[in-house]
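What follows is each chain in one-letter form.
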Amino acid sequence: MRRSFLTLLSVLSFLVFAQTALAKGGSYTFAGGTAKEQTTVRAALEASTFDWNLIPRTISVHIGRIGDSYSTYGNVYLDSSLLDSGRFSWGVVQHEMAHQVDFFLLDDAKRTQLGQLLGGKDWCYSVPGLAHSDYGCERFASELAWAYWQSPDNSMKPSGSKDEAGGMPVVQFRALLTQLIGAATVSAPSAAKAFAPPAKKTKRR
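Let me sum up the structure you'll find in this document. Numbering of residues starts from 1 in every chain and runs along the sequence as written. Only residues with pLDDT of at least 70 get local features here, since the model is predicted, and only at 80 or more are side-chain atom pairs given and counted; chain-wide, interface and lining totals rely on the full set of residues. With hydrogens and water stripped out, all remaining heavy atoms of the structure feed into the side-chain values.

**Examining the state of the cysteines**
- Here, two cysteine sulfur atoms that lie within 2.5 Å of each other are counted as a disulfide. Scanning the model with the defined rule gives 1 disulfide in all.
- Residue Cys124 pairs covalently with Cys137 via a disulfide, S to S 2.3 Å. Handedness here is read from the sign of the S-S torsion; for Cys124 and Cys137, about 70°, the answer is right-handed. Of this pair, Cys124 sits in the loop between helix 5 (108-118) and helix 6 (136-147) while Cys137 sits in helix 6; the two residues are 13 residues apart in sequence, bridging distant segments of the chain. Each helix corresponds to a stretch of at least 4 residues labelled H or I by DSSP, and each strand to a stretch of at least 2 residues labelled E; elements are numbered beginning at the N terminus.

Structure follows, in structure tokens:
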């Protein structure tokens, strides 16, 4: 009897730990993609220390031969050929999910504050034709992806303060984000279509 109780306790402890470990990955469903590509998305989100569960909605992750990876309100679109590159794609996956943080957890006042600190000429494509890095929402998404997964493998890694992910020191950005979105605040739906940054070419040895 005691052994059965201890076994049950061990199982319950494992399940609680497993749920906690997976909690930061957020809530999302897949539309398309191979098992390997879906695993790549999971690995990318779990590698980040950002708590994706702050997003108060289940996000639909679409995978296919779609060309550019991008996000719309409640949806992330990822090109399957990018995901097939494995770990190289993780930064882009995090960048696109970071747009959902913008869509669901920021309001105009927060976006204005972030825009002033991160730089950019427009928040998110209300002014067409600007460079990718001129949009505050793209700088925000790249900064979030880098700030919570500071790996040499992260394609969002900035090479200087003028890069998309270099607008603010990481410690300062994380402290501000904790202040701004510690409690989930749902904003009005956005019609913006936000894109991943151009992939950085790296030399292979």
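**Concerning unusual backbone geometry**
- For Tyr125, which is not glycine, the phi dihedral falls at a positive 65°.
- Note that Tyr125 resides in the loop between helix 5 and helix 6.

**Thoughts on empty space enclosed by the protein**
- Of the two site types, the cavity is a set of points on a 1 Å grid over the protein atoms alone where a 1.4 Å probe fits but cannot get out, and the pocket is an open set with protein on both sides within 12 Å along at least five of seven lines, each lined by residues with an atom within 4 Å of a point. Grid points are joined across faces, edges and corners, and a volume is the space filled by probe spheres set on the points. Summed over all chains, the structure comprises 1 cavity of 30 Å³ or more.
- Put simply, the largest cavity is a space of about 30 Å³.
- Gly25, Gly26, Ser27, Tyr28, Leu45, Trp52, Ile55, Ile59 and Met97 are the residues that line the largest cavity.
- In terms of residue class, the lining of the largest cavity is made up of 6 nonpolar, 3 polar and no charged. The classification used treats Ala, Val, Leu, Ile, Met, Phe, Trp, Tyr, Cys and Pro as nonpolar, Asp, Glu, Lys and Arg as charged, and all other residues, Gly among them, as polar.

**Some words on the side chain of His132**
- Relative to the helices and strands, His132 resides in the loop between helix 5 and helix 6.
- Classification of residues uses two cut-offs on accessible area relative to the type maximum, computed with a 1.4 Å probe and protein chains only: under 20% is buried, over 50% is exposed, and between them is partly exposed. The exposure class assigned to His132 is buried, which follows from its relative accessible area of 16%.
- Under this definition, polar contacts are N or O atom pairs within 3.5 Å; protein pairs additionally need one hydrogen-donor-capable and one acceptor-capable atom, and for neighbouring residues in sequence, both atoms have to be side-chain atoms. A distance of 2.4 Å separates polar atoms of two side chains, one belonging to His132 and the other to Glu164.
- Those residues within four positions of His132 in sequence are excluded, and the remaining contacts are His95, Tyr125, Glu138, Glu164, Phe195, Ala196, Pro197 and Pro198. Whether two residues are in contact is decided by their heavy atoms, any of which lying within 4.5 Å being enough.

**A few points about the packing of helix 4 (residues 90-105) against helix 6**
- Where helix 4 contacts helix 6, the two axes come as close as 8 Å, and the packing angle between them is 125°. Relative to helix 6, the element helix 4 lies oblique. Handedness of the crossing formed by helix 4 with helix 6: right-handed. Residue-level contacts link Gly91, Gln94, His95, Ala98, His99, Val101 and Asp102 of helix 4 to Cys137, Glu138, Phe140, Ala141, Ser142, Leu144 and Ala145 of helix 6.
- A breakdown of the residues in the contact of helix 4 with helix 6 according to their chemical character gives 7 nonpolar, 5 polar and 2 charged. An axis is simply a line fitted to the C-alpha atoms; with a helix, the fit covers only the stretch in contact. Between two such axes, the angle follows the N-to-C directions and lies from 0 to 180 degrees. Each angle is binned into one of four classes, with values under 35 degrees roughly parallel, values over 145 roughly antiparallel, values of 65 to 115 roughly perpendicular, and all other values oblique. Handedness of a crossing is defined here by the sense of rotation of the near helix relative to the far one, left-handed for an anticlockwise turn of less than a right angle and right-handed for a clockwise turn.

**What about the packing of helix 6 against helix 7 (residues 170-181)?**
- Contact geometry for helix 6 and helix 7: axes closest at 10 Å, N-to-C directions at 105°. By the angle between their axes, helix 6 is roughly perpendicular relative to helix 7. Where helix 6 abuts helix 7, its residues Phe140, Glu143, Leu144, Trp146 and Ala147 lie against Val170, Phe173, Arg174 and Leu177.
- Grouping the amino acids of the contact of helix 6 with helix 7 by side-chain chemistry returns 7 nonpolar, no polar and 2 charged.

**Quick word on the sheet that holds strand 1 (residues 28-31)**
- An order of 1-2-4-3-5 is seen for the 5 strands of this open sheet, with the pairing classed as mixed. In this open sheet, the two edge strands, each paired with only one partner strand, are strand 1 and strand 5 (194-195).
- Those strands touched by helix 2 (residues 35-47) are strand 1, strand 2 (59-64) and strand 4 (75-79), and its axis lies near 155° from that of strand 1. Strands qualify as paired when DSSP identifies two bridges or more between them.

**A closer look at the nonpolar core**
- One finds Val101, Leu114, Phe140, Leu144 and Phe173 to be the most contacted residues of the largest nonpolar core, which totals 50 residues.
- At the level of secondary structure, the elements contributing two or more residues to this core comprise helix 2, strand 2, strand 4, helix 3 (80-83), helix 4, helix 5, helix 6 and helix 7.
- Tallying contributions element by element places helix 4 first for this core, with 9 residues.
- In this structure Val101 touches Phe50, Trp52, Ile55, Leu106, Phe140, Leu144 and Ile181, once residues within four positions along its chain are discounted. Take the buried residues of types Ala, Val, Leu, Ile, Met, Phe, Trp, Tyr and Cys, join any two whose side-chain atoms come within 4.5 Å, and each joined set is a nonpolar core.

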